Amino acid sequence: ASITYELTDTKNLYATVSKGFKGGGFNDFIGDATAVGFEPETLWNYEAGFKGAFDDRKLVVNLSVFYMEWDDIQLQADNPDTPFFDPATRNAGSAHSQGLELEGLWLPIETLSFNAGLSLLEAEFDEGFLPDGTTPLRKIPRAPEYTGNLEAKYRFNMTSRLKAEMSLQANFVGPHYLDITNISESKVDSYEVVNARVSISDSSEKWSVSLWGQNLN
C-alpha cells in the first residue's frame, strides 16, 4: 500500500508499506531424503520520503527513510553438524535494517551538472546464532554503514560536428563485513574510489571514443 501527497506540481511526500516473501525448502543437493529443511522468510518494508524539484527543475532533491523487518530470515552458512550439505540454507530468526537515502542533482548551467548521493544504514540480526550454536549473529553481511557518491559532468561542443563530455566521480563505502561470521578477516574497512572519463562523439552520437581512468586516488 502507498500514499502520495502533492505539495506542489514539483514536490510531493509519499509513504509506502509492502510485504515480501521467500519460500522455504530443503538443502537437497543430491536427492537425499534426510536433507535439512528451512522455513519461509517474510519481510515488511516501511518507507516514507520527499521528492522535489526547485528553480525550474535545475535542482532536484529526493529524501527517503526506511525500516525493514525480517522474520525467519534465510542465510547460508557452513554447519559442522551437516558438512555434507555445506554451505546450507537455514533460518536465523528476526533481523532489521533502517536508514536514510539522500539524492541530489544540480544543473547550474545547461552544460554542467553535479550529482550527489548519501545512504546511511544499520542492518543487524535481532536474534539467532551461528551454526556452532554459541556465537550470536550480529551484523548482516555486505551492508555498509554508509555509501556515498559525488559526480561532476561537463559537456561542450568541440566543433559543429563533434562534442565532448568530461566527468569526475568519487565513491565512498563505509565499513562492513563480507559474511555472517563477522570475524576480523571478513571485515572491510571504509574506502574511497575516484574515477574520471573523457568522451568524444559525433553530434548525432552514432559513434563515440572514450578514455577513462579508475581507482585514481
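Refer to the structure presented above.
Description of the structure in this document. (Residues numbered from 1 in each chain as written. Predicted model: local features only at pLDDT ≥ 70, side-chain atom pairs only at ≥ 80, totals over all residues. Heavy atoms only, no water.)

What follows concerns the overall build of the protein. Secondary structure summary: the protein contains zero helices and 16 strands in total. Taken over the C-alpha trace, the protein has a radius of gyration of 23 Å; the compact-globule value for 217 residues is 17 Å, which it surpasses by more than 25%. Viewed in the frame of its principal axes, the protein has a C-alpha envelope of about 70 × 45 × 35 Å. Within the span of the protein, comprising 217 residues, buried residues form 27% of the whole. Accessible surface, the protein: about 13800 Å² in total, of which carbon and sulfur atoms supply 56%. (Helix = DSSP H or I, 4+ residues; strand = E, 2+ residues; numbered from the N terminus. Rg over C-alpha atoms; globule rule 2.2 N^0.38 Å. Buried < 20%, exposed > 50% of the residue type's maximum accessible area, 1.4 Å probe, protein only. Areas by Shrake-Rupley, 256 points an atom, 1.4 Å probe, with all protein chains shown as cover.)

Bringing the pairing of strand 15 (residues 191-202) into the picture now. Summarising the sheet, strand 12 (residues 162-173) and strand 15 pair through 12 bridges and their orientation is antiparallel. By the bridge assignment, leucine 168 is partnered in strand 15 with alanine 196. Of the strand pairs in this sheet, strand 15 and strand 16 (residues 208-213) are connected by six bridges, and their pairing is antiparallel. Its bridge partner being in strand 16, serine 201 is matched across the sheet by serine 208. Adjacent in sequence and paired antiparallel, strand 15 and strand 16 are bridged by five residues, among which glutamate 205 carries a positive phi angle near 60 degrees. (Pairing = 2+ DSSP bridges.)

Together, Glu39, Glu69, Asp71, Asp72, Asp126 and Glu127 make up a region of like negative charge exposed at the surface. Residue classification places aspartate 126 among the partly exposed positions, given a relative accessible area of 43%. (Patch = residues over 30% accessible without salt bridge, like charges linked within 9 Å, V, L, I, M, F, W, Y side chains within 5 Å. Salt bridge = Lys/Arg side-chain N within 4 Å of Asp/Glu carboxyl O. Lys, Arg positive; Asp, Glu negative; His and termini not counted. Charge placed at Lys NZ, Arg CZ, Asp CG, Glu CD.)

Within the largest apolar cluster, 14 residues are counted, with the highest numbers of intra-cluster contacts made by Leu75, Phe125, Leu137 and Ile180. Secondary structure elements with two or more residues in this core: strand 7 (74-77) and strand 10 (112-125). (Core = buried A, V, L, I, M, F, W, Y, C linked by side-chain atoms within 4.5 Å.)

With that out of the way, let us pick up the side chain of glutamate 41. By the element assignment, glutamate 41 lies in strand 5 (residues 41-54). Among buried Asp, Glu, Lys and Arg side chains, glutamate 41 stands out as unpaired, with lysine 22 the closest opposite charge at 4.2 Å. Within the structure, glutamate 41 has its side chain in polar contact with the backbone nitrogen of glutamine 74 (distance 2.7 Å). Not counting residues within four places of it along the chain, the set of residues in contact with glutamate 41 comprises Gly20, Phe21, Lys22, Trp70, Asp71, Asp72, Ile73 and Gln74. (Polar contact = N/O pair within 3.5 Å; in protein donor to acceptor, adjacent residues only side chain to side chain. Contact = heavy atoms within 4.5 Å.)

A few words on the sheet that holds strand 15. The sheet built from 10 strands is open, its strands ordered 1-2-5-6-9-10-11-12-15-16 with antiparallel pairing. Edge positions in the open sheet fall to strand 1 (2-8) and strand 16, since each of these has one partner strand only. Here the average twist between neighbouring strands, direction ignored, is 10 degrees. With 12 bridges connecting them, strand 6 (residues 59-71) and strand 9 (residues 95-109) associate as antiparallel partners. Of the residues in strand 9, the one forming a bridge with glutamate 69 is histidine 96. (Axes fitted to C-alpha atoms, helices over the stretch in contact; angles between N-to-C directions.)

Across all of its chains, the model carries four aromatic pairs by this definition. On the basis of an interplanar angle of 15 degrees and a centroid distance of 6.4 Å, the ring pair of tryptophan 44 and tyrosine 46 is categorised as stacked. Assessed through its relative accessible area of 33%, tyrosine 46 is described here as partly exposed. Between lysine 51 and the ring centre of tyrosine 14, over which it is positioned, the NZ or CZ distance is 5.5 Å. (Phe/Tyr/Trp six-rings, centres within 6.5 Å; stacked < 30°, edge-to-face > 60°. Lys NZ or Arg CZ within 6 Å of the ring centre and 35° of its normal.)

Let's shift gears to the pattern of salt bridges. On inspection of all chains with the given rule, the structure shows two salt bridges. One salt bridge connects lysine 139 with glutamate 124, and the closest N-O pair in it is separated by 3.2 Å. Taken together, the residues span a long stretch of sequence, with lysine 139 in the loop between strand 10 and strand 11 (146-157) and glutamate 124 in strand 10 at a distance of 15 residues. On the basis of relative accessibility, which here comes to 28%, the residue lysine 139 falls in the partly exposed class. Taking the shortest distance from any N to any O, the salt bridge between glutamate 205 and lysine 163 comes out at 2.8 Å. Residue glutamate 205 is located in the loop between strand 15 and strand 16, and its partner lysine 163 is located in strand 12; the two are separated by 42 residues in the primary sequence.

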